[in-house]
Amino acid sequence: MPEEPIIKTENLKKWFPLRRGFFASLFGEKELYVKAVDGISFEIYPGEIFGLAGESGCGKTTTGRVILRLIEPTEGKIYYRNQDITNLSSKELKPLRKEMQIIFQDPYESLNPRMSIYDIIAEPLKVQKLTSSPKEEEELVFKALEEVELTPPEEFIFRFPHELSGGQRQRVAIARAFILKPRFIVADEPVSMLDVSIRSEILKVMLREKERYKAAILFITHDLSLARHMCNRLAIMYLGKIVEMGETESVIQKPLHPYTQALIAAVPVPDPDYKRGKIPIKGEVPSPVNLPPGCRFHPRCPQAMPICRKEEPKIQEIDGKLVACHLYR
Ligand code: SF4
């Protein structure tokens, strides 16, 4: 990638302190943390779709929110177009907010139920004071509704979120996210709450908007088939760490990390005659509070070796990808 990244994270961490009981505090027991994101570094380039995939609870949603500074990082750095935004104040962040937007997973919760569709879409314009007259604002709202195919706009502007279907609500969320012509969007499982029959339509709308405004997307998903369809590059997360990252086709076709291999083996294939090696993945995901020593995947890894229980593998470049596994020492 020759260009400079639009987003860069360096050793990014988000640890949530666990609430301790009275006696635990009194007797000075050690503070415990949920290590939701635990030292991840990656870059996203202009116009690309960068996927972050993994099981639920692996830290991908927290990563998206920390990058946008919707929640504060515990450690590490976030750069937006080479500017360190890790410690910017809300006031300093405000002009950048219009360039960085989010589409949430749940269109039922992400839209204010008391606001009309017009007000929901116009709100970012008002916050950023981007229009000079009500007429200009109305034109932009109508244009945004047309772009996401909620037409004719007159039929939608006076409605409220509860009067729309799930797909229509997600179109409104997309219109709101793109009305500011952002350069970077976090799309957090944007279709997982929607009926399967309308998912591809909503994704098409999102992709068209992305192309129109030349935005880059951090695409968060638990669905590897979808990641393959959508993403240029893909990172696989496990318990707060990136375990494998590279060009999407390479990660999917030639997975190197045992966790990636297990995830891919678990993807349903529509052809009943298709045979592939089943890779067993033992047990449950360990608690992000009491992380296993060494490689945090070792209790479930079919290829674990003695070193895996003691030493955490460093991420290193193998065959053009980044992989964190002792098998490739
Ligand atoms: Fe498995 Fe060891 Fe690799 Fe971890 S480091 S994924 S336990 S082989």
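Heads up: these notes are all about the structure in this document. (Residues numbered from 1 in each chain as written. Predicted model: local features only at pLDDT ≥ 70, side-chain atom pairs only at ≥ 80, totals over all residues. Heavy atoms only, no water.)

1. Here's the deal with unusual backbone geometry
Here the residue pair Thr151 and Pro152 is connected by a cis peptide bond, since its omega of -10° sits within 30 degrees of zero. Take Pro152: it is sitting in the loop between helix 5 (134-147) and helix 6 (166-178). In this model, Arg81 sits at a positive phi of 45°, which is unusual for a non-glycine residue. Among the secondary structure elements, Arg81 is positioned in the loop between strand 4 (75-80) and strand 5 (83-84). In this structure Arg81 comes out as partly exposed when scored by relative accessible area, which is 35%. A positive phi angle, close to 50°, is found at Lys129, a residue other than glycine. A residue is classified by how much of its surface remains accessible, and Lys129, at 67% relative accessible area, is exposed. (Helix = DSSP H or I, 4+ residues; strand = E, 2+ residues; numbered from the N terminus. Buried < 20%, exposed > 50% of the residue type's maximum accessible area, 1.4 Å probe, protein only.)

2. A look at the site of the ligand
In the neighbourhood of the ligand, 13 residues make up the surrounding shell, with Cys295, Cys301, Cys308, Cys325 and His326 lying closest. Here the shell around the ligand is composed, by residue class, of 9 nonpolar, 4 polar and no charged. (Near = heavy atom within 4 Å. Nonpolar A, V, L, I, M, F, W, Y, C, P; charged D, E, K, R; others polar.)

3. A look at the packing of aromatic side chains
Overall, the coordinates contain 6 aromatic pairs when judged by the stated rule. For the pair Phe178 and Tyr213, a centre-to-centre distance of 6.1 Å together with 25° between the ring planes defines the contact as stacked. Note that Phe178 is positioned in helix 6 and Tyr213 in helix 7 (residues 196-213), a separation of 35 residues in sequence. With respect to class, Phe178 is no different from Tyr213; both count as buried. Each ring, one from Tyr259 and one from Phe297, has its centre 5.2 Å from the other, and the planes form 65°; the classification is edge-to-face. Of the two residues, Tyr259 sits in helix 10 (residues 258-265) while Phe297 sits in the loop between helix 10 and strand 11 (315-318), which places them 38 residues apart along the sequence. In this structure Tyr259 comes out as buried when scored by relative accessible area, which is 0%. Geometry around Trp15 places Lys35 over its ring, the cationic atom sitting 4.3 Å from the centre. (Phe/Tyr/Trp six-rings, centres within 6.5 Å; stacked < 30°, edge-to-face > 60°. Lys NZ or Arg CZ within 6 Å of the ring centre and 35° of its normal.)

4. Concerning the sheet that holds strand 5
The antiparallel open sheet is built from 4 strands, whose spatial order is 2-1-4-5. Two strands bound the open sheet, and with one partner strand each, they are strand 2 (33-44) and strand 5. With 5 bridges connecting them, strand 1 (residues 7-17) and strand 4 associate as antiparallel partners. Across the sheet, Lys8 pairs through a bridge with Tyr79, a residue of strand 4. In the packing of helix 2 (residues 60-67) onto the sheet, contacts are made with strand 1, strand 2 and strand 4, and the angle to strand 1 comes to roughly 115°. (Pairing = 2+ DSSP bridges. Contact = heavy atoms within 4.5 Å. Axes fitted to C-alpha atoms, helices over the stretch in contact; angles between N-to-C directions.)

5. What to know about the side chain of Arg233
Looking at the secondary structure, you find Arg233 in strand 9 (residues 233-238). In this structure the side chain of Arg233 is engaged in a polar contact, spanning 2.6 Å, whose partner is the side chain of Glu48. (Polar contact = N/O pair within 3.5 Å; in protein donor to acceptor, adjacent residues only side chain to side chain.)

6. What to know about the packing of helix 4 (residues 117-127) against helix 5
Contact geometry for helix 4 and helix 5: axes closest at 10 Å, N-to-C directions at 115°. Relative to helix 5, helix 4 is oriented so that their crossing is right-handed. In this structure, helix 4 contributes Ile117, Tyr118, Ile121, Ala122, Leu125 and Lys126 to the contact, and helix 5 contributes Pro134, Glu137, Glu138, Leu140, Val141, Ala144 and Leu145. Looking at side-chain class alone, the contact of helix 4 with helix 5 contains 10 nonpolar, no polar and 3 charged residues. (Left-handed = near helix turned anticlockwise from the far one by under 90°.)

All we've got here are geometric facts, nothing functional implied.
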